[in-house]
Amino acid sequence: MSSLENNFEAWLAECLGADQLLLDGWTAPKDTGYSNETNIFDAHVTIDGTSSVRRLVQRLGPSGGATMFREYDLERQCRIMLYLKENSSLPVPNVVGMAMNTDRPYYVMDFIGGDIPKDGHTAADAYTTSGFLFDGTPEERRRYFDSLITCMAQLHQVPVTNDFAEFFKRDSGPRTPMQKEADWWIDLYEWGKGGKDQNYPQLDDYVDWIGKNIPDMDDCQLVWQDGRPANTIAANYEVVAMLDWELATLGPGEQDLFFHLAMHNLRQKQPGANVLEGVPTEQEQIALYEKITGRTVRHEAFFRKWAKFRMAVIQLVFCKAHGIPIDEISYDGVIDDASFINSNYS
């Protein structure tokens, strides 16, 4: 059981409306992300004399020390899932409760069973080499990726109220959401570099390119910003849970679409990886997105390069948080290979 605080069981009992509560079966699954701690456990609940067992997940904020982000807003993640649960039919986990006014904030949500695509840093640990997508038929793989694109497209159609937008602290001031998002990522890049003595000329040039080419778009859609297979749970090759909302923001939905395409392209290009038969082509995925949203994607060239820049920054701050020299991590040259930043997808 988590040792966060002695009254966790009493807090959870109140959230569940339980007369009696016993917690056991605590496990800390591997490969559940790098920004926070995840615990899975069983809650034996008794309400009005009726007993049941409920499988739950506890997510905790960073415990201190080096992290991937300067600021970590666990409450915003909870609010996003609660908002989507109330205002859409998207498959997001049900939040049981959140405790933000503690030394280490946390929240609890219902456990969702299913398959999670692997997403390691080498081909051997990725879904292109092993796991349910690798083992599936071409038809099953297409069903999964169509489901993922459908979820993204439907997410971008969820209305955003003014009250909900207030949770996005980076969205203040007169600039457009896309401009503010670019500012946030560029600031993260500067922080991730660790000082002016650390230079990545290709990325520095890329920052200049972004400033000169950012599209003038005032879209205020809810954007997942980390939408990729590893942040989903699937059952029967359909997405049944959309996970990890720590990077979610407001802006153009194209950010999600082209980040996903870039990540999948990278996975297939890793040494030893496989091109999975049945996965829709990029143009087929774009066409499905356009069909569901009812609009044509815009500024494709910018958003393809924007996705690559964000991938590079994520790798940079990952290395910073874990004390890994950049040249010891290979993401097909995400950080120090100019060919990655400047390459074109075919």
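We now turn to the structure provided with this report.

Procedures and definitions
Residues numbered from 1 in each chain as written. Predicted model: local features only at pLDDT ≥ 70, side-chain atom pairs only at ≥ 80, totals over all residues. Heavy atoms only, no water. 1 Å grid on protein atoms, 1.4 Å probe; cavity = no way out; pocket = protein on both sides within 12 Å on 5 of 7 lines; lining within 4 Å. Points joined across faces, edges and corners; volume = space filled by probe spheres on them. Helix = DSSP H or I, 4+ residues; strand = E, 2+ residues; numbered from the N terminus. Nonpolar A, V, L, I, M, F, W, Y, C, P; charged D, E, K, R; others polar. Salt bridge = Lys/Arg side-chain N within 4 Å of Asp/Glu carboxyl O. Buried < 20%, exposed > 50% of the residue type's maximum accessible area, 1.4 Å probe, protein only. Pairing = 2+ DSSP bridges. Axes fitted to C-alpha atoms, helices over the stretch in contact; angles between N-to-C directions. Expected span 1.5 Å × (residues − 1). Contact = heavy atoms within 4.5 Å. Arc of directions from axis to C-beta. Phe/Tyr/Trp six-rings, centres within 6.5 Å; stacked < 30°, edge-to-face > 60°. Lys NZ or Arg CZ within 6 Å of the ring centre and 35° of its normal. Core = buried A, V, L, I, M, F, W, Y, C linked by side-chain atoms within 4.5 Å.

Notes on empty space enclosed by the protein
Empty space among the atoms can be located by rolling a probe the size of a water molecule over them. This model, assessed by the stated rule, comprises two cavities of 30 Å³ or more. If you add up the space inside the largest cavity, you get close to 50 Å³. In terms of lining, the largest cavity is formed by Arg59, Gln77, Met81, Pro93, Tyr107, Met109, Met242, Leu243, Asp244 and Trp245. Broken down by secondary-structure element, the contributors of at least two residues to the lining of the largest cavity are helix H2 (74-87) and strand E5 (106-110). Across the lining of the largest cavity, the residue classes break down as seven nonpolar, one polar and two charged.

Focus on the pattern of salt bridges
Following the criterion strictly, the structure yields 17 salt bridges and no others. The salt bridge partner of Arg55 is Asp42, with a shortest N-O separation of 3.0 Å. Residue Arg55 is located in strand E3 (residues 50-60), and its partner Asp42 is located in strand E2 (residues 37-47); the two are separated by 13 residues in the primary sequence. When the shortest N-O distance is used, the salt bridge between Glu75 and Arg79 registers 3.3 Å. One end of the pair is Glu75 and the other is Arg79, both in helix H2 and four residues apart, which spans about a single turn. Residue class for Glu75 comes out partly exposed when judged on its relative accessible area of 28%. The exposure class assigned to Arg79 is partly exposed, which follows from its relative accessible area of 31%.

Some points on the environment of Leu23
Looking at where Leu23 falls in the secondary structure, it is placed in strand E1 (residues 20-27). Considered as a pair, Leu23 and Leu12 are 11 residues apart in the sequence and their alpha carbons are 9.9 Å apart.

A short note on the sheet that holds E1
Across the sheet, which stays open at both edges, the five strands sit in the order E1-E2-E3-E5-E4 with antiparallel pairing between neighbours. Of all strands in the sheet, those with a lone pairing partner are E1 and strand E4 (95-99), marking the two edges. Neighbour-to-neighbour, the strand axes of this sheet turn through a mean angle of 25°, independent of strand direction. Note: E2 against E3, 11 bridges, orientation antiparallel.

Overview of helix H6 (residues 177-193)
Taking 1.5 Å of rise per residue, the 17 residues of H6 would be expected to cover 24 Å, and the 24 Å separating its terminal C-alpha atoms lies within 8% of that figure. Looking at the buried positions of H6, the neighbouring elements they touch are helix H7 (201-213), strand E9 (249-251), helix H8 (254-269) and helix H10 (300-322). After H6 finishes, the residue Gly194 shows a positive phi value of roughly 80°.

What to know about helix H9 (residues 282-293)
Helix length check: H9, at 12 residues, gives a terminal C-alpha distance of 17 Å against a target of 16 Å (1.5 Å per residue), a fit within 8%. Of the residues making up H9, those classed as buried are Glu282, Gln285, Ile286, Tyr289 and Thr293. With its buried residues spanning 100° around the axis, H9 presents them on a single face. In this fold, the buried residues of H9 make contact with helix H4 (138-155), H8 and H10. Of the residues flanking the end of H9, it is Gly294, one or two places downstream, whose phi is positive at about 75°.

Side note on the packing of aromatic side chains
Under the counting rule described, the total for this entry stands at 20 aromatic pairs. With a centroid separation of 5.2 Å and 90° between ring planes, the pair formed by Tyr144 and Phe145 is classed as edge-to-face. You can call Tyr144 buried: its relative accessible area is 0%. You can call Phe145 buried: its relative accessible area is 0%. Taken together, Tyr189, Tyr206, Trp209, Phe302, Phe303, Trp306 and Phe309 form an aromatic cluster joined through their ring pairs. Between Arg55 and the ring centre of Phe111, over which it is positioned, the NZ or CZ distance is 5.6 Å.

Observations regarding the nonpolar core
By size, the foremost hydrophobic cluster in this structure holds 79 residues, and its most contacted members are Leu84, Met242, Trp245, Trp306 and Phe309. Other than its neighbours up to four places away in sequence, Trp306 contacts Met178, Glu181, Ala182, Trp185, Tyr206, Ile210 and Gln255. Ranked by size, the runner-up nonpolar core spans 17 residues in total, among them Leu16, Leu21, Phe41 and Ala43.

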